Amino acid sequence: MLSYEEKIDLFNDIENKIDKCCLCPLSEECKPISGFGNIKNSILFVRDCPEFEEIRTNNVWSSPTARLFNKILHAAHINCNKIYSTYLIHCRPLNNKILAEDINNCSNYLNDIINIIEPKIIVTCGRHSLHYFLGNNKNINNSRGIFFNKEYSYGTTLIYPLNHPTSMIKLPSIRKKEMFDDLNLLFLKMIELKIIVE
Ligand code: SF4
């Protein structure tokens, strides 16, 4: 079993590799961005891909969508500095259209991160991340707010799907409330699993 210091070293290596990555053609259009946050608390948020503003500022919480998401997290007592937030793919695809080959090219980083963090909970924030963890037959509307078990070599992880955060901008009257309700349930689960968040 790795010590926390060993995990941090391995983790920093992965983040450095992502920052310099040019493994696939998406790097010709934009600079990759790695994740951000704290890996100590065993909870991982996975968004589908970065927004332009996040790439421009190299800050995962800088886009209007991410700032709104952060506000709802805060309202649900989840501190964004105490979770680790990353992406399924670390560059922004052309026309925001994520292809299967993009996921194939980039997901090794996510798998490495999962094997280091050994998260108790993985929160999926979008259709592509949901499908990546739970299969293409899952639908966000029927899966959001539900904990699913997934087996890894280190043990069982709970997969918890959320709506894509952008949906709160497209349909605020419904999606903000859904997001808040789903994050409240997540917060209760985090307390149950003794995941420190404040
Ligand atoms: S999408 Fe992923 S694999 Fe492709 S260049 Fe960006 S970081 Fe590298």
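Residues numbered from 1 in each chain as written. Predicted model: local features only at pLDDT ≥ 70, side-chain atom pairs only at ≥ 80, totals over all residues.

### Structural notes on the nonpolar core
- Core analysis: the largest hydrophobic core is formed by 45 residues, its most contacted members being Leu44, Val46, Leu88, Ile89, Ile122 and Val123.
- Of all the secondary-structure elements, those providing two or more residues to this core are strand S2 (43-47), helix H3 (64-75), strand S3 (84-87), helix H4 (100-117), strand S4 (121-125), helix H5 (127-134), strand S6 (155-162) and helix H8 (172-192).
- Among the elements that make up this core, the one with the highest residue count is H4 (5 residues).
- For Ile122, the contacting residues outside a window of four places in its chain are Leu44, Val46, Phe133, Thr157 and Ile159. (Core = buried A, V, L, I, M, F, W, Y, C linked by C-beta atoms within 7 Å. Buried ≥ 20, exposed ≤ 12 C-beta atoms within 10 Å, placed from the backbone. Helix = DSSP H or I, 4+ residues; strand = E, 2+ residues; numbered from the N terminus. Contact = placed C-beta atoms within 7 Å.)

### Description of H4
- The first and last C-alpha atoms of H4 sit 25 Å apart over 18 residues, in line with the 26 Å expected at 1.5 Å per residue.
- In the structure, H4 departs most strongly from a straight axis at Cys106, where the bend amounts to approximately 45°.
- For H4, the full list of buried residues reads Asp102, Cys106, Tyr109, Leu110, Ile113 and Ile117.
- Next to the buried residues of H4 lie helix H1 (4-19), S2 and S3.
- Immediately downstream of H4, the backbone of Glu118 shows phi near 50°, a positive value. (Expected span 1.5 Å × (residues − 1). Bend = angle between axes of the 7 residues up to and from the residue.)

### Section: the site of the ligand
- Close to the ligand lie 14 residues, the nearest being Cys21, Cys24, Ser27, Cys91 and Cys106.
- Broken down by element, the shell around the ligand gets its largest block of residues, 3 residues, from H4.
- Of the residues contributing to the shell around the ligand, the split by class is 10 nonpolar, 3 polar and 1 charged. (Near = placed C-beta within 6 Å. Nonpolar A, V, L, I, M, F, W, Y, C, P; charged D, E, K, R; others polar.)

### What to know about the sheet that holds strand S1 (residues 36-37)
- Across the sheet, which stays open at both edges, the 6 strands sit in the order S1-S3-S2-S4-S6-S5 with mixed pairing between neighbours. Looking at which strands have only one partner, the edges of the open sheet turn out to be S1 and strand S5 (148-152).
- Inspection of the sheet shows S2 paired to S4 by 5 bridges, in the parallel sense. Within S4, the position partnered with Ile43 by the bridge is Ile121. (Pairing = 2+ DSSP bridges.)

### A look at the packing of H1 against H4
- Interaxial distance between H1 and H4 falls to 10 Å at its minimum, and their mutual angle equals 170°. By the angle class used here, H1 and H4 are roughly antiparallel. In terms of crossing hand, the pair formed by H1 and H4 is left-handed. Along the contact surface, H1 presents Lys7, Leu10, Phe11, Ile14 and Ile18, while H4 presents Tyr109, Asp112, Ile113 and Ile116.
- The residue makeup of the contact of H1 with H4, split by class, is 7 nonpolar, no polar and 2 charged. (Axes fitted to C-alpha atoms, helices over the stretch in contact; angles between N-to-C directions. Parallel < 35°, antiparallel > 145°, perpendicular 65-115°, else oblique. Left-handed = near helix turned anticlockwise from the far one by under 90°.)

### A few points about the pairing of S3
- Taking every second residue as pointing to the same face, both faces of S3 are buried, with Tyr84 and Thr86 on one and Ser85 and Tyr87 on the other.
- When S1 meets S3, the two strands line up antiparallel, connected through 2 bridges. Across the sheet, Gly37 pairs through a bridge with Tyr84, a residue of S3.

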